[in-house]
Amino acid sequence: QLTLKSSGKDPYPDWKPGEPVPYAALCTTFSLIEMTTKRLVISSHCSLFLRQVLRLTPQDLLPTVQLMINKLAADYAGIELGIGESLIMKAIGESTGRSLQIIKADQNEIGDLGLVAAKSRSNQPTMFKPKPLTVRGVLDGLMGIATVSGDGSQGRKIAGIKKLLSAADAVHAGKGSKGIDITKDKGGASEAKFIIRFLEGKLRLGLAEKTVLVALAHAMVIHETEKKGNKLPSSEKLAEGEAVLKTVYSELPSYEVIIPAMVQHGIFNLRENCKLQPGVPLKPMLAKPTKSITEVLDRFEGKNFTCEYKYDGERAQIHYVAEDSPQQYPSSLPTGKGAKGLSAIFSRNSEDLSKKYPDILAKLPTWIKPETKSFVLDCETVAWDLVEKKVLPFQQLMTRKRKDVKADDITVKVCVFAFDMLFYNGESIVQKSLRERRDLLHEAFSEIEGEFTFAQHGDTSDLEEIQTLLDESVKASCEGLMVKMLDTNESGYEPSKRSRNWLKVKKDYLSGIGDSLDLVVLGAYYGRGKRTSVYGAFLLACYNSANETYETVCNIGTGFSEAILEELHSKLKDHTIEKPKPFYSHSNVPKDQPDVWFEPRFVWEVKTADLTLSPRYKAGAAALGDSSGKGISLRFPRFIKERDDKKADEATGSRQVVEMYQKQEGVSKSKGPSVDDDF
Ligand code: ATP
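Now for a description of the structure that goes with this document. Treat the numbers as computed from the prediction; the structure is a model and nothing was measured.

**Thoughts on the overall build of the protein chain**
Then step 1. Scanning the protein chain for helices and strands turns up 21 helices and 23 strands.
Then step 2. For the protein chain, the residues scored as buried account for 47% of the 679 residues in total.
Then step 3. Look at the contacts in the protein chain between residues 6 or more apart in sequence, and 73% of them connect residues 24 or more apart.

**Side note on helix α3 (residues 61-68)**
Then step 1. In terms of residue burial, α3 counts as a mostly covered element, since seven of its eight residues are buried.
Then step 2. Each element contacted by the buried residues of α3 is listed here: α1 (23-34), α2 (39-56), α7 (135-147), α9 (191-200), α10 (209-227) and α12 (255-265).
Then step 3. Of the residues flanking the end of α3, it is N70, one or two places downstream, whose phi is positive at about 60°.

**So, the nonpolar core**
Then step 1. Ranked by size, the top nonpolar core spans 141 residues in total, and within it I195, L216 and A418 carry the most contacts.
Then step 2. Beyond its immediate chain neighbours, meaning those up to four positions away, I195 contacts V138, L164, L165 and A168.
Then step 3. One finds L517, I577, I632 and A648 within the second-largest nonpolar core, a separate group that totals 44 residues.

**Observations regarding the site of the ligand**
Then step 1. Around the ligand sit 13 residues, and of these E308, Y311, R315, F419 and M482 come closest.
Then step 2. Those elements that place two or more of their residues in the shell around the ligand are β1 (286-289) and β2 (305-310).

**Describing the packing of α3 against α12**
Then step 1. Where α3 contacts α12, the two axes come as close as 9 Å, and the packing angle between them is 135°. The angle between α3 and α12 places the two elements in the oblique class. Helix-helix and strand crossings are classified by hand; for α3 and α12 the assignment is right-handed. Contact with α3, carried on its side by L61, L62, V65 and Q66, involves Y255, E256, I259, P260 and V263 of α12 and no other residues of that element.

**Let's talk about the pairing of strand β5 (residues 374-385)**
Then step 1. β5 sits mainly inside the fold: eleven of its twelve residues count as buried.
Then step 2. Of the strand pairs in this sheet, strand β3 (residues 314-321) and β5 are connected by eight bridges, and their pairing is antiparallel. Within β5, the residue paired with H319 across the bridge is V376.
Then step 3. Two strands pair when backbone bridges link them, and β5 and strand β7 (residues 413-424) are joined in this way by ten bridges, in the antiparallel orientation. The residue bridging V382 from the neighbouring strand is C415, located in β7.
Then step 4. As paired strands, β5 and strand β6 (residues 390-391) are joined by two bridges and run antiparallel to one another. Its bridge partner lying in β6, D385 is registered against K390.
Then step 5. What sits between the antiparallel neighbours β5 and β6 is a turn of four residues, in which K389 has the positive phi angle 55°.

**Let's talk about unusual backbone geometry**
Then step 1. One non-glycine residue, S496, lies in the positive phi region at around 65°.
Then step 2. Here S496 is to be found in the loop between β11 (480-485) and β12 (497-506).
Then step 3. You can call S496 buried: it has 21 C-beta atoms within 10 Å.
Then step 4. Of note, E548 is a non-glycine position whose phi angle comes to about 55°, a positive value.

Conventions adopted
Residues numbered from 1 in each chain as written. Predicted model: local features only at pLDDT ≥ 70, side-chain atom pairs only at ≥ 80, totals over all residues. Helix = DSSP H or I, 4+ residues; strand = E, 2+ residues; numbered from the N terminus. Buried ≥ 20, exposed ≤ 12 C-beta atoms within 10 Å, placed from the backbone. Contact = placed C-beta atoms within 7 Å. Core = buried A, V, L, I, M, F, W, Y, C linked by C-beta atoms within 7 Å. Near = placed C-beta within 6 Å. Axes fitted to C-alpha atoms, helices over the stretch in contact; angles between N-to-C directions. Parallel < 35°, antiparallel > 145°, perpendicular 65-115°, else oblique. Left-handed = near helix turned anticlockwise from the far one by under 90°. Pairing = 2+ DSSP bridges.

Next up, the structure:
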């Protein structure tokens with residue numbers, strides 16, 4: 001990890017202790033990272049810079065990390081980036097005195113708005129030297145741009161971008177930028193380039209959030225060791241720090257809370273100071289797909305496990321603190337109403353759903369036993385037929401409005417099916433076994449039919465009995481079963497992990513590939529015949545989080561009704577872009593190109609017969625190492641539904657597609673560890 005030692009000279013000469021971190025210094029690091037693909041080197045650059053921040057200006061550690069991970073705030077704050085191309089082009093044009101036409105022509109040629117901005121800035125004569133940008137200043141500016149709303153917000157967003165750009169250097173004369181043609185070569189510590197890429201939502205540095213987290217842990221351990229006057233820490237110590245930060249972050253995914261606590265108390269005291277807390281949603285534990293009950297029995301052989309119904313609704317995490325709870329919680333949390341009293345519902349990607357489900361929040365107190373003072377509940381909200389007293393299909397739930405729902409206007413009633421509890425009466429319980437958590441869950445709540453129910457389950461390892469449970473679950477309008485490890489420490493709750501300790505058995509996919517895929521719409525083809533006014537087929541991709549690219553995986557034209565095609569057309573048409581983004585990976589053969597390209601925004605669930613290799617698509621191509629560059633593609637894909645609850649980078653990962661393909665081919669019976677899913 002420590003291959004990149006400081007040369008002895010201060011690499012960032014413009015930056016004195018206590019002064020705000022210069023943005024140019026961060027951009028220098030970005031450009032060094034951009035010029036390599038080696039994971040260890042990337043991580044070392046990152047950690048070296050964070051060490052410098054810790055040494056000189058520790059109060060800027062949080063904004064520095066936020067700029068590195070391309071996020072303005074934790075997910076639950078609901079601050080959206082991904083400003084549209086046309087708005088950015090306008091702002092670049094206006095701030096650099098170039099016409100929109102020229103900017104568009106440049107974008108067509110270069111294909112990266114960051115570079116277009118850098119080029120536009122470098123052609124612009126500088127009349128006076130602007131005040132240098134600082135990391136905290138840039139973060140504030142970006143936050144301002146992302147959060148303006150209401151009348152005239154477009155104009156104010158453009159004004160905000162112009163303000164940042166006019167203070168930005170085109171090419172910072174730092175390391176890594178010598179002799180670089182800013183529009184062609186990698187590197188070039190251009191502030192303008194990185195500001196624009198941040199606004200687009202992709203820095204394109206190959207700097208995954210997980211890498212930043214690890215680098216942060218290492219920087220902290222090294223910094224603390226140096227402060228004590230010791231030499232470099234051992235690799236065990238680095239690994240220990242890394243494990244602490246990963247665990248703490250998975251339970252409390254908020255750098256806003258963790259970083260100040262870490263700077264104040266030290267990384268090795270973080271576990272005591274930062275624990276799961278109501279108000280900060282965590283990424284849920286996810287399951288691995290299976291194709292048969294016998295596969296489940298092989299995996300869980302000799303272990304106790306439980307088979308729960310797999311309800312088909314929306315994942316929900318309910319956070320609650322009673323007014324009279326003896327525990328206090330920080331009122332600074334965006335969802336906290338105050339030091340006491342909190343009830344909020346979050347989606348699987350930490351979006352605040354409280355305004356979508358006012359009915360649940362209103363009834364919540366009636367399901368709680370008097371001794372229950374605080375909890376975090378993992379559950380599924382499912383549409384409920386009040387007359388027939390049964391579960392309704394997922395499509396019914398989707399007809400509910402997402403925001404500002406008035407309790408009196410609700411026509412689709414929901415029932416909450418609770419299957420796990422992560423926090424109870426002031427204590428994180430994720431490390432307890434599932435059996436213990438389930439016992440506490442049953443102690444904490446009372447069932448009310450049609451409002452709040454515990455997930456139906458059977459604790460059996462008998463093949464026949466599991467088959468019966470599966471059949472019954474399907475009769476009860478469920479998708480199948482979730483099979484979970486029940487005892488021992490393997491059954492702890494693993495936030496943000498797609499774990500092998502939870503297996504899903506979906507009725508529809510038995511003996512197929514095991515699961516449907518959630519894919520991002522990158523392009524479309526105009527329809528033929530009756531369908532010429534809408535798109536008739538689409539180009540879909542999975543997401544490769546390792547290098548932050550969207551890898552194409554199929555064309556799809558089946559499973560759409562005429563009405564859906566019209567609806568999709570009206571949604572998608574405002575998100576077209578002139579060229580594929582540089583982080584789209586697709587065949588470059590002319591006949592394989594779609595008629596239009598889109599911003600990566602919409603996620604759809606798709607079913608497939610099986611997977612095959614094709615030169616046209618790129619899913620998993622690098623991982624498979626096929627010399628002809630073939631990727632994995634779906635055969636006979638079929639549209640199932642839109643997945644509004646998933647963001648583009650939460651689509652099925654290319655690593656998952658590779659796993660599915662290899663399983664199908666019997667290429668590898670990988671029994672690797674659980675993988676992080678939602679980083
Ligand atoms: P994935 O990312 O795993 O593909 P998904 O949202 O597409 O997730 P599925 O793969 O269908 O969903 O299965 C996992 C989901 O099933 C959970 O996220 C949860 O919403 C739902 N679910 C329903 N019943 C249960 C249960 N008893 N235990 C856990 N999850 C359940």
